[in-house]
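A look at the structure
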Amino acid sequence: MRGTVLYAPRDVRVEERPYPTVEAPTDAVVRVTATCVCGSDLWPYRGLDDVEGPSPMGHEYVGVVEEVGGEVRTIRPGQFVVGSFFASDNTCEICRAGYQSACVHRQPGAPTGAQAEFTRVPLADGTLVATTAAPDPDQVPSLLAASDVLGTGWFGAVAAEAGPGKTVVVVGDGAVGLLAVLAARELGAERVIAMSRHPERQRLATAFGATDLVTERGAEGADRIKELTDGLGAHSVVEAVGTQQSMLQAIGSARPGGHVGYVGVSHGVELHGERLFYTHVHLHGGPAPVRRFLPDLVDRIIDGRIDPGLVFDLQLPLDDAAEGYRAMDERRAVKALLWP
Ligand SMILES: [Zn+2]
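Residues numbered from 1 in each chain as written. Predicted model: local features only at pLDDT ≥ 70, side-chain atom pairs only at ≥ 80, totals over all residues.

Some details on the domain arrangement of the protein chain
For the record, the criterion: Where each domain starts and ends comes from a domain assignment, either automatic or drawn from a database. A residue pair is marked as a contact if its C-beta atoms, positioned from the backbone, fall within 7 Å. A run of H or I in DSSP becomes a helix once it reaches four residues, and a run of E becomes a strand once it reaches two; helices and strands are each numbered from the N terminus. Residue polarity follows a fixed list, in which Ala, Val, Leu, Ile, Met, Phe, Trp, Tyr, Cys and Pro are nonpolar, Asp, Glu, Lys and Arg are charged, and the others, Gly among them, are polar.
Segmentation of the protein chain into domains returns domain 1 (2–148 + 289–339) and domain 2 (150–285). Put simply, the middle of domain 1 and the middle of domain 2, counted by C-alpha atoms, are 26 Å apart. Of the residues lining the interface, 19 residues belong to domain 1; the matching set on domain 2 comes to 17 residues. Listing elements by their share of the side of domain 1 that touches domain 2, those giving two or more residues are helix H4 (140–146) and helix H11 (290–302). Of the residues belonging to the side of domain 1 that touches domain 2, the class tally is 13 nonpolar, 4 polar and 2 charged.

Given below as structure tokens:
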């Protein structure tokens, strides 16, 4: 089968790979219908995370269950399923509290790589969410978005306590940030301010429900948010980048008592305790427990209430995965969908 492998920074190849098999009795093998390149894949691609030898890539997928291990009870071959980037049992105390991405039995969601024709999924019963019927082909990109970027943006908005009557700021105009805009609106936010200076991304943010756009960044950006909120700052801020500047911009945009939901994968962020002390801001985030939200997100997509698949502004055959990485690296594309 064909699969995507990162050999070294900027060296992505699609090549023949071993067909994944059931290794543990709780595994499933999924025939991938659609997969995509993640913003977090760009960290090793750019050499900012170490690449330790050839690495199978991809952790976002939807597909059809091909086979299951002997202890899999609820997931069956033939089902259309949505997974996410961590496998979880969905039964431990941490999972039941809604933090499946910190499951005591957590494993990588697609250890053989999801940017491939087939992928092995551990803890299939806990990890996978099956649709009741095969989805309409037009809904496949949106279901794929649910497997990571929508689920992550949604967690950011929930962690930031976005809701009715709230003003929500979103820092970051990548796929997660854009879908945090959608999430904030779906959760009932009154006003959603997207921080972006990129015209195409501003257009998408507006399509997803942004009411205001702010182009300033850093301390200037936070000052602009204060101006727009009677000098107070926003109730809720989603941080969807993961850099020092974006984190400080997010904290600086929140009002005393406000909430920051940080879901950008943190790289080198250091917070100053004393300065943080005087902000009175709640900070909550981390790797999104996408599994918590998946059943609800799948329903919203199947019912046609949301169309998060609009974030895929580039669609390519799997064999052209390298071009998907390049286009996202150069910010020519928000997010690249790959069709095996
Ligand atoms: Zn668990």
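Here's the deal with the packing of helix H5 (residues 149–159) against helix H6 (residues 175–186)
Test applied: Fitted lines through C-alpha atoms give the axes, limited to the stretch in contact for helices. The angle between two N-to-C directions lies from 0 to 180 degrees. With respect to orientation, any angle under 35 degrees is reported as roughly parallel, any angle over 145 as roughly antiparallel, any angle of 65 to 115 as roughly perpendicular, and every other angle as oblique. Crossing chirality is assigned from the near helix's rotation relative to the far helix, an anticlockwise turn below a right angle marking it left-handed and a clockwise turn marking it right-handed.
At a closest axis distance of 7 Å, the pairing of H5 and H6 adopts a crossing angle of 55 degrees. Relative to H6, the element H5 is oriented oblique. Handedness of the H5/H6 crossing: right-handed. When H5 is examined against H6, the residues Val-149, Leu-150, Thr-152, Gly-153, Trp-154, Gly-156 and Ala-157 are found in contact with a partner set consisting of Ala-175, Val-176, Gly-177, Leu-179, Ala-180, Leu-182, Ala-183 and Ala-184. Among the residues forming the contact of H5 with H6, the class breakdown is 11 nonpolar, 4 polar and no charged.

Digging into helix H12 (residues 321–329)
Our working rule: Exposure in this text rests on C-beta crowding, where 20 or more other C-beta atoms within 10 Å of a residue's own make it buried, 12 or fewer make it exposed, and counts in between make it partly exposed. The C-beta atoms are placed from the backbone. Our arc is simply the arc of the directions from the helix axis toward the C-beta atoms.
Taken as a whole, H12 has its buried residues at Ala-321, Gly-324, Tyr-325 and Met-328. Viewed end-on, H12 has its buried residues packed into an arc of 95 degrees, placing them on one side of the element. Looking at the buried side of H12, the elements it contacts are strand E1 (2–8), strand E2 (11–16), helix H1 (42–45), strand E17 (314–317) and strand E18 (336–339).

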